[in-house]
Structure formats: structure tokens, C-alpha cells
There are 2 protein chains.
Amino acid sequence: MEQPSRLAGTVRPGGRTARVRAAVLEATQDELVERGFHGLTMDQVAVRAGVGKTTVYRRWGSPAGLVVDLMTELADQSVPHADTGALEGDLLANALSVLEALHDGRLGPTLQAMIAAATCDEQAAQGLRAFYSRRIQEWAGAVDLAVKRGELPEGTDGAEVIRAISAPLYYRLVVSREPVTREDAERSVARTLAAARAGAFVSPG
Amino acid sequence: MEQPSRLAGTVRPGGRTARVRAAVLEATQDELVERGFHGLTMDQVAVRAGVGKTTVYRRWGSPAGLVVDLMTELADQSVPHADTGALEGDLLANALSVLEALHDGRLGPTLQAMIAAATCDEQAAQGLRAFYSRRIQEWAGAVDLAVKRGELPEGTDGAEVIRAISAPLYYRLVVSREPVTREDAERSVARTLAAARAGAFVSPG
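Residues numbered from 1 in each chain as written. Chains lettered and ligands numbered in written order. Predicted model: local features only at pLDDT ≥ 70, side-chain atom pairs only at ≥ 80, totals over all residues. Heavy atoms only, no water.

Topic: the packing of helix α8 (residues 158-175) of chain A against helix α9 (residues 182-197) of chain A
Residue and element names in this part refer to chain A.
Then comes step 1: Closest axis-to-axis distance for the α8/α9 pair is 9 Å, and the angle between their directions is 145°. Crossing of α8 against α9: the hand is right-handed. Contacts between α8 and α9 involve Val161, Ala164, Ile165, Pro168, Leu169 and Arg172 on the former and, on the latter, Asp184, Ala185, Ser188, Val189 and Thr192. (Axes fitted to C-alpha atoms, helices over the stretch in contact; angles between N-to-C directions. Helix = DSSP H or I, 4+ residues; strand = E, 2+ residues; numbered from the N terminus. Left-handed = near helix turned anticlockwise from the far one by under 90°. Contact = heavy atoms within 4.5 Å.)

And the structure:
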């Protein structure tokens, strides 16, 4: 628990309980990066975190419980939406933040492990849904501001615009297994903006 | 090997070798649907297929080898692109075929198991890449025809249009874990068409 920890520094200081959580989530992420969800065991996380097994079982219950808490922590850490004053800049910031996450040596494998976990574990699926719901709602705010500025038609669905920015990048990463480049991020922004300006993201009713 | 098999009927008749392959791929898909990739074992596939373990090990080598061959067979079975004479109809046919595959009680879990397998196994990742590459290239032909008819600007990248149709559906299914509806399929077509008509899918150069 003495080694530097990317997660530890961001968990609210609160004495032993907070330190234990930070160490356990750090160890969980280490294990996901190295072994994936199916290699994740409570015992190994406890050993790696330097925490008693009983504590890990009591507080997190199962590997899926660890993954859900890690996703909650990652969502808590994620940054507010960009506000460059123009929608194109904000959407590019969003696309590049997704690109950076997918390529990050630690966060990228973590996201892929979570996606894999969600295909076969309902608790992990719920955690993933909550994680992306928070990210999507946060960034939808940037689209709402653009609608107020008159950059996009009234009634444009901000959450759908944000999903449309991310979707082609995730599709290449986990479905068609193709490289995901900065060009892909820029194209996603250009295409989504073209459709949004044409009113294709206006919700009916 | 006597029971009806959805895959068996489509494998080229060729005596015992073809029958063994059909039975093994059928059993592989059964196991993926019931247990996911991480529950897939060579021994269980051999038992389920009524084929000797030695044969399964010799011909497929590993669980990933089974998955790759299953993907090859599924790609061989997949239908040619629609040709309704108008791009919107063709793209809707594409989006609805993706929707149907994702919701199919057998193919849907198979695709999710393959996506999960690819996150942790390079051979499975290569198989998935080959599978979607064939699907994307096949359907890109419908976009190329539309460009020839003058429905879309010269230089429109057909493969990218097809990726853009699928991406939001897969994003909801495996990333944000949200319901994927017929409305989502229709929206994906409308948005992709709006961007494509605006020239946002024209390749540079």
C-alpha cells in the first residue's frame, strides 16, 4: 500500500477505509490489465493490495463487485465536458479524450476487460451502463450549450450526439478490431456535426 | 451428429470431414451461447459434437481455433448486400440485418462471446477482424452503386458508410449496454445518410 498509486491520490482522504479502498481498486485495475476479467480473483486482489481477504470479500462480495466499484471511481475521476465556446472544438475534445482513453496503457485494457465482463455478468453490465450514462450525460451539456448558442437546431438530442462521436471509435476497437487513429476521431466529429446541422439528431415530438 | 443443425445444412456436403466440421462448429456455437468464450473447452465441444477429442485437438488446436473457424463459417453464410435500387432502402436493410443478428437468441450471444474473446486472445481478434472486414466490404458495394447512380458524392468511402451504420448499434449493445431498437436502426440510417449527402464520407485525395 506504500507504492505510488494513480487511483489512491484521487480517492477522498478519509483514513484507513479510504486507503483500503484505494489499494483494492488499484490492485483490481492491475489485475484487469494483466489478466482480464476472467483472471480476476478476490484472493489475488487482496494479496496485491496488502489487505486481508476477509475485508475484500466483506466489502466487495465478488469480482464483479470490484469491477463495479472501480467503474464508479473512474466515473468520479472523469473530467467535466469541454467548453471552448464552439461545438466543433468541444466535440473534438470529447473524441480525443475517448481516443486517449482507448490507447492508454492502463485505462484501455481496463475498459476492454469491463466490456468483456459485461457480456457475461449482469452486475458488470449494470456498472458499465452506469459508467457510460454518466459520461454521456456530462458531455451532452456541451451540445445543449451549442443549441442555446444557435449552432444546432432546437430539440437536438445532446446525448445522442455524444454517443455518435464515440460509437465509431469503440466499433473499430472492440468489434471490427481495426486501428483507431486521430483521423478516425476527427472524421467522427465532422460526420456527426454534418448530420446534427442537417437536423438528423432532433428528437421527434 | 444426427440432430438437426442450423450450421450443418450450410456446410458443403463432402462426406465425413464436412459432417465432422458441421457438428463441431454447431457444438462450439452451442457452448458459446451457453457459457461464453471462457467456458469453451475442447473436451466439452468434442463430447457435444459426438466427435473424438483427438480429432478436435488435431484440426482446431485450441478454443480460439474453434472460434475462428466458426466465424469463417458464419461469414460464408452471410447474405449478399441488398440492392433495392435506392441507397436508403439498402442501408435500412443493412441496419435491420445487424439489429436482427444482435437480437437473435443464438447469433447475438455468439457475437458477444466473440467480442469478449477478442479482448483477450489475438487469434480470436484476428478472426473477428476478418469476419467484419468481409461483411463491411460486401455491403460497401451497395454504397458504391449509389455513388454510380449519383445518390452520393463521388469519392464517398463505402466501407466507412457501412461502419457508420453498425457502430451506434454495437455501441449501445456492448459498450453503453442500452437497449437497441428498430428506432436506433432507423436513426442510424438517417444520420449516416445526412452526413454522406453532405460529403462527410468523401475520402481525401
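The structure having been displayed, the exposition proceeds.
Some thoughts on the interface of chain B and chain A
Then comes step 1: Taken together, the contact pairs 32 residues of chain B with 32 residues of chain A.
Then comes step 2: Of the roughly 3000 Å² buried at the junction of chain B and chain A (both faces included), carbon and sulfur atoms supply 62%.
Then comes step 3: It is B:Tyr171, B:Arg177 and B:Arg191 that lose the most area in chain B upon contact with chain A, and together they represent 24% of the buried surface on that side.
Then comes step 4: Between B:Arg191 and A:Glu160 there is a salt bridge; the shortest N-O distance is 2.6 Å.
Then comes step 5: The interface formed by chain B and chain A includes twelve residue pairs in polar contact (both at pLDDT 80 or more).
Then comes step 6: Put simply, the parts of the chain that give the side of chain B that touches chain A at least two residues each are α6 (107-118), α7 (122-148), α8 (158-175) and α9 (182-197) of chain B.
Then comes step 7: Among the elements that take part in the side of chain B that touches chain A, α8(B) stands out by supplying ten residues, more than any other.
Then comes step 8: For the side of chain B that touches chain A, the class distribution of residues is 19 nonpolar, five polar and eight charged. (Buried area = accessible area lost by both parts, 1.4 Å probe. Salt bridge = Lys/Arg side-chain N within 4 Å of Asp/Glu carboxyl O. Polar contact = N/O pair within 3.5 Å; in protein donor to acceptor, adjacent residues only side chain to side chain. Nonpolar A, V, L, I, M, F, W, Y, C, P; charged D, E, K, R; others polar.)

What about the relation of the copies chain B and chain A?
Then comes step 1: For the match of chain B to chain A, the screw axis carries a shift of 0.0 Å, the RMSD comes to 0.0 Å, and the turn is 180°. Viewed as a symmetry operation, the transformation between the two copies matches a two-fold axis. (Least-squares fit on C-alpha atoms with pLDDT ≥ 70 in both.)

Topic: the pattern of salt bridges
Residues and elements named next belong to chain B.
Then comes step 1: Scanning the model with the defined rule gives 40 salt bridges over all chains in all.
Then comes step 2: With its nearest N and O atoms 3.6 Å apart, the salt bridge here joins Asp30 to Arg48. Residue Asp30 is located in helix α1 (residues 16-35), and its partner Arg48 is located in helix α2 (residues 42-49); the two are separated by 18 residues in the primary sequence.
Then comes step 3: Owing to a relative accessible area of 29%, Arg48 belongs among the partly exposed residues under this scheme. (Buried < 20%, exposed > 50% of the residue type's maximum accessible area, 1.4 Å probe, protein only.)

Thoughts on the state of the cysteines
By definition, a disulfide is the covalent link that joins the sulfur atoms of two cysteine residues.
Then comes step 1: All told, the structure shown has zero disulfides over all chains when counted by the stated rule.
Then comes step 2: Note on A:Cys120: no disulfide assigned, nearest cysteine sulfur contributed by B:Cys120 at a separation of 9.9 Å.
Then comes step 3: The class for B:Cys120 is partly exposed, based on a relative accessible area of 44%. (Disulfide = S-S within 2.5 Å.)

Remarks on helix α3 (residues 53-60) of chain A
Residues and elements named next belong to chain A.
Then comes step 1: Listed as buried for α3 are Thr55, Val56 and Trp60. The buried residues of α3 occupy one face: seen down the axis, they fall within an arc of 95°. Structural note: α3 exposes Thr54 and Arg58 on the side pointing more than 90 degrees away from its buried face.
Then comes step 2: Those residues of α3 hidden inside the fold are in contact with α1 (16-35), α2 (42-49) and α4 (63-77).
Then comes step 3: Immediately beyond the C-terminal end of α3, within one or two residues, lies Gly61, with a positive phi of roughly 75°. (Arc of directions from axis to C-beta.)

Describing the UniProt feature "DNA-binding region" (unreviewed entry) in chain A
Then comes step 1: Taken from the UniProt record, the annotation "DNA-binding region" (unreviewed entry) applies to residues 41-60 of chain A.
Then comes step 2: Secondary structure over residues 41-60 of chain A splits into 80% helix and 0% strand, and the C-alpha atoms at its two ends are 12 Å apart. (UniProt positions renumbered as here; feature names shortened; annotations may be inferred.)

Quick look at helix α7 (residues 122-148) of chain A
All names here are of chain A.
Then comes step 1: Relative to the 39 Å expected for 27 residues at 1.5 Å per residue, α7 spans 38 Å between its end C-alpha atoms, a close match to the ideal helical length.
Then comes step 2: The distance from a side-chain oxygen at the start of α7 to the backbone nitrogen of Gln123 is 2.9 Å, and the residue carrying that oxygen is Asp121.
Then comes step 3: Directly after α7, the chain includes Gly150, whose backbone phi takes a positive value near 85°. (Expected span 1.5 Å × (residues − 1).)

Points about the packing of aromatic side chains
Then comes step 1: Following the criterion strictly, the structure yields eight aromatic pairs over all chains and no others.
Then comes step 2: Ring plane angle 75° and centroid distance 6.3 Å describe the contact between A:Tyr171 and B:Tyr132, whose orientation is recorded as edge-to-face. Here B:Tyr132 lies in helix α7 and A:Tyr171 lies in helix α8, a pairing that spans two chains.
Then comes step 3: Ring geometry for B:Tyr132 versus B:Tyr170: centroids 5.7 Å apart, planes at 90°, classification edge-to-face. In this pair, B:Tyr132 is assigned in helix α7 and B:Tyr170 in helix α8, connecting sequence segments 38 residues apart. Comparing B:Tyr132 with B:Tyr170 shows no difference in burial state: the two are buried.
Then comes step 4: Among the aromatic side chains, those forming a connected cluster through ring pairs are A:Phe131, A:Tyr132, A:Tyr170 and B:Tyr171. (Phe/Tyr/Trp six-rings, centres within 6.5 Å; stacked < 30°, edge-to-face > 60°.)

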